[in-house]
Each structure stands twice: as structure tokens, then as C-alpha cells.
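The residues making up each chain are set out below.
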Amino acid sequence: DKGNHRHFMEKEIHEQPEVTGQTLAHYLDFANGGYKELDSAIDFKNIDRLYISACGTAYLAGQIAKYWFERYARLPVDSDVASEFRYREMPLDKRSAALFVSQSGETADTLASLRYCKGAGLAIGSIVNVRESTIARESDGIYPTLAGPEIGVASTKAFTCQLSIFASLVVRAALERGTVSAEEGAQLVRSLSEVPRLIKEALKLEGEIAELGRELSEVNHVLYLGRDTSYPLAMEGALKLKEISYIHAEGYAAGELKHGPIALIDKQMPVVVIAPFDKIYEKTASNMQEVAARGGRIILITDEKGAAHTSLDGIKTIIMPNMSEFVTPIVYALPIQMLAYHTAVAMGTDVDQPRNLAKSVTVE
Ligand code: M6R
């Protein structure tokens, strides 16, 4: 039931304050600023490496988690698309564990990667939205996303719930490994407790984003740029746009711009830049300048400080609420989802059932 929404995707976008709140509350102890001692298939304290494998949007959640695990828990992560992981014939580190991410729990390549790691004797955890799925059944333990059924082919609420779990596991891993102090851990938990409210704030930007979506519906190509955790998010923005609007889009690490994609920039080419005002903002800002100098049209997703630091002509800015750097990839998912959604709506495509795509990819 779509309720009073035009599409399941729109409904699912709007459910995110609630479902991320439920998911975070399941794993974290907000009152005491720590994590809940739930059974965990993975013993984060006693491993030297974590393998993460998944497909599509779930893979991009894993890519974001890689930055988090390495930064806060000092745990090296190998994250790869499952269709590569399963055939790569890589040696698996004995003191490691594997974590699989899948909304449906039925994705063929992800399941094959799981079996590869299981064959090597690793502990297997999985982040799944469907608890009765094959991936869930074959894992030593699951970390359920409490997103509720996701009907739209384009994944939205499953993604932010996957990120919510990853962030909670990062807090747990960092505290167990002693790489953050109890006070720092409590600070991370506090910033996660703000996520549902911040997502609600982000949803208020829908009107202005819908207008930008109408503009994007006229173009043939869009480039998305970001650094750090905003880099996988740029790829997620491009994936979402191409899936439902059929506009060609690519996500790039902003620092790679001058190594190739800058050749594409002209007046026809909108560039979506995801850049919260963090320690790396200035670097992304200089990439933006390079785009502007070549007549590229920029849509900048940032916060008040980021907006105050740019004065480029003709730039369109989406101003997000202020938040801790840790949670930006979860909350900044909202504007990129809404941008893809409204572009597709303006084009009149079948948003919930885009051509050629299936919700669950059970063949490789
Ligand atoms: O069910 P899964 O999470 O394993 O699905 C993985 C991908 O097929 C999925 O995320 C796909 O990329 C989505 N349509 C993205 O919106």
C-alpha cells in the first residue's frame, strides 16, 4: 500500500526517519552512550581484517563502511563487488571475518562469495533485510536491518538502514578494540542518535530538489563527485539516477577529475558535488572551481559553512543541516535519492519498476 504517495520509492524515502531510528536503537544504547551486547557472528576484537562483499547499492554501503572501520576501529577492510570477489581467487587472511550485505538476502553473487569465505573457515555475518533469506540462513549470525519490506526496485531505506548498522558495528568494534575512548564512543553514539531528526530536516528540502530534478530531466549525462565517504555516495547517486531516469550518470572520486573525466565538462554537463564542510572540503572546492572554469553547471550539496565558502557563478546549492562528520553519508543519502526520484518523475518513467531491472537478482 502506497498510502498517499505516488510511488513506493517516495513512500520508502519518507519512511527513513523512522526505520533508521528503529535500526539504530536496536544496536545502540543511547541512554548510556554505548552499544547493546547482542550476539555477534563477528568477534571484532580478535580479527586483523574484515572482508565485505555485496552488489549494487549494498556494495556501496560496504564501501562507506570501509572508511569508517579503518578510521575509527583501525580495522583494515577489503570491500569488493560480489561478482568480482567470488572469482578473484584471493588468499583469505585466517585472522579475519566476512560480512555480506543484501536487502533481499537472495543475490546470487553475494551468496557465492559467502560460500567461498565459508569454505575457507571464516566467521560469516550478514546484514540482511529479509530474515528468512538464503544468505541469512547460511550465515553464522545476522544483523537485521529493520527497514520493513522494500518494494521499489531502487533501494533507499534499506541503504540508510545498512549504513546505520555498519555505523553501530563500527562503534562497537572501535570500543572493543580500544581505538576510541569511552567518551569518544559516547560522542559517536550521540551523533548517531541525531540521524532520524537530521533525515527529517533533509526531507524538508524536497521542494527545491524537485525543481532541480526537473532541470536534470532535460540532460543526457550527469557527473557526481565526492571525496572520502562522499565518494561512494557519489557513486550511489549516479546509480540511483541511471536506474530510474535512464540518464547516463557516473560517480567519481573528486580527486580523479583531472585524470580523465574533466574532458567531458561543458555547458551541457551538470556536476553534482557532495561536499559537507569537513577537513577535506577545500580540496573538493578546488575541483569545483575547475568544473566552473569550463562552464560546467554545478549542483552543490553541502551545509551552511560549505555554502559560505563558495562563490561560484551560477552554482545551485542544496544546504543540509549541520551534523557530525561521522553521520554525513547516512543523511546526505536523502538529497541524492530525492534528486533521482524527482528527475525520474519529471521524465515520466516507471519509477518503482524501471525497465530491465529486477528487485532481487537471483541469477548471476
Ligand atoms: O538484495 P540486494 O541488496 O542483494 O541487491 C543488490 C543490488 O541488486 C541492489 O542494491 C541494486 O543495485 C538496487 N536496484 C539499487 O538501487
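Residues numbered from 1 in each chain as written. Predicted model: local features only at pLDDT ≥ 70, side-chain atom pairs only at ≥ 80, totals over all residues. Heavy atoms only, no water.

**Student:** How do you make sense of the layout of surface pockets when you look at a structure like this?
**Tutor:** In this approach, a probe sized like a water molecule rolls over the atoms, and the result shows the empty space that is left. Counted as a void, the largest pocket has a volume near 490 Å³. For the lining of the largest pocket, the leading source of residues is helix H3 (residues 56–72), giving three residues. Here the residues of the lining of the largest pocket are counted per class, giving ten nonpolar, nine polar and five charged. (1 Å grid on protein atoms, 1.4 Å probe; cavity = no way out; pocket = protein on both sides within 12 Å on 5 of 7 lines; lining within 4 Å. Points joined across faces, edges and corners; volume = space filled by probe spheres on them. Helix = DSSP H or I, 4+ residues; strand = E, 2+ residues; numbered from the N terminus. Nonpolar A, V, L, I, M, F, W, Y, C, P; charged D, E, K, R; others polar.)

**Student:** Quick question: what am I supposed to make of the site of the ligand here?
**Tutor:** If you check the shell around the ligand, you find 13 residues, and the closest are Ser102, Gln103, Ser104, Thr107 and Glu243. At a separation of 2.9 Å, an oxygen atom of the ligand approaches a polar side-chain atom of Lys240. Comparing atom positions with the cavity grids shows the ligand to sit within the largest pocket. Counting only elements with at least two residues in the shell around the ligand, the list comes to H3 and helix H11 (230–245). Residue classes in the shell around the ligand are distributed as four nonpolar, seven polar and two charged. (Near = heavy atom within 4 Å. Polar contact = N/O pair within 3.5 Å; in protein donor to acceptor, adjacent residues only side chain to side chain. Sits in = over half its atoms within 2 Å of the grid points.)

**Student:** Teacher, can you tell me more about the side chain of Lys157 here?
**Tutor:** Summarising the element assignment, Lys157 is placed in helix H7 (residues 157–177). Classification of Lys157 by relative accessible area gives buried; the value is 3%. A polar contact is formed between the side chain of Lys157 and the backbone oxygen of Ala147, at a distance of 2.7 Å. For Lys157, the side chain forms a polar contact with the main-chain oxygen of Pro149, separated by 2.9 Å. In contact with Lys157, other than residues within four places in its own chain, are Glu12, Glu15, Gln16, Val19, Ala147, Gly148, Pro149 and Glu150. (Buried < 20%, exposed > 50% of the residue type's maximum accessible area, 1.4 Å probe, protein only. Contact = heavy atoms within 4.5 Å.)

**Student:** Can you help me understand empty space enclosed by the protein in this one?
**Tutor:** A full pass over the atoms with the stated rule returns four cavities of 30 Å³ or more. If you add up the space inside the largest cavity, you get close to 60 Å³. Looking at the lining of the largest cavity, the element that brings in the most residues is H7, giving three residues. A breakdown of the residues in the lining of the largest cavity according to their chemical character gives five nonpolar, two polar and three charged.

**Student:** Looking at this structure, how should I read the packing of helix H2 (residues 16–27) against helix H9 (residues 195–203)?
**Tutor:** Geometrically, a packed helix pair is captured by the angle between its two axes and the distance between the axes. For the pair H2 and H9, the least separation of the axes is 8 Å and the interaxial angle reads 165°. Taken together, the axes of H2 and H9 are roughly antiparallel relative to one another. Considering how the two elements wind past one another, H2 and H9 form a crossing that is right-handed. Contacts between H2 and H9 pair Gln16, Pro17, Thr20, Gly21 and Leu24 from the former with Val195, Pro196, Ile199, Lys200 and Leu203 from the latter. (Axes fitted to C-alpha atoms, helices over the stretch in contact; angles between N-to-C directions. Parallel < 35°, antiparallel > 145°, perpendicular 65-115°, else oblique. Left-handed = near helix turned anticlockwise from the far one by under 90°.)

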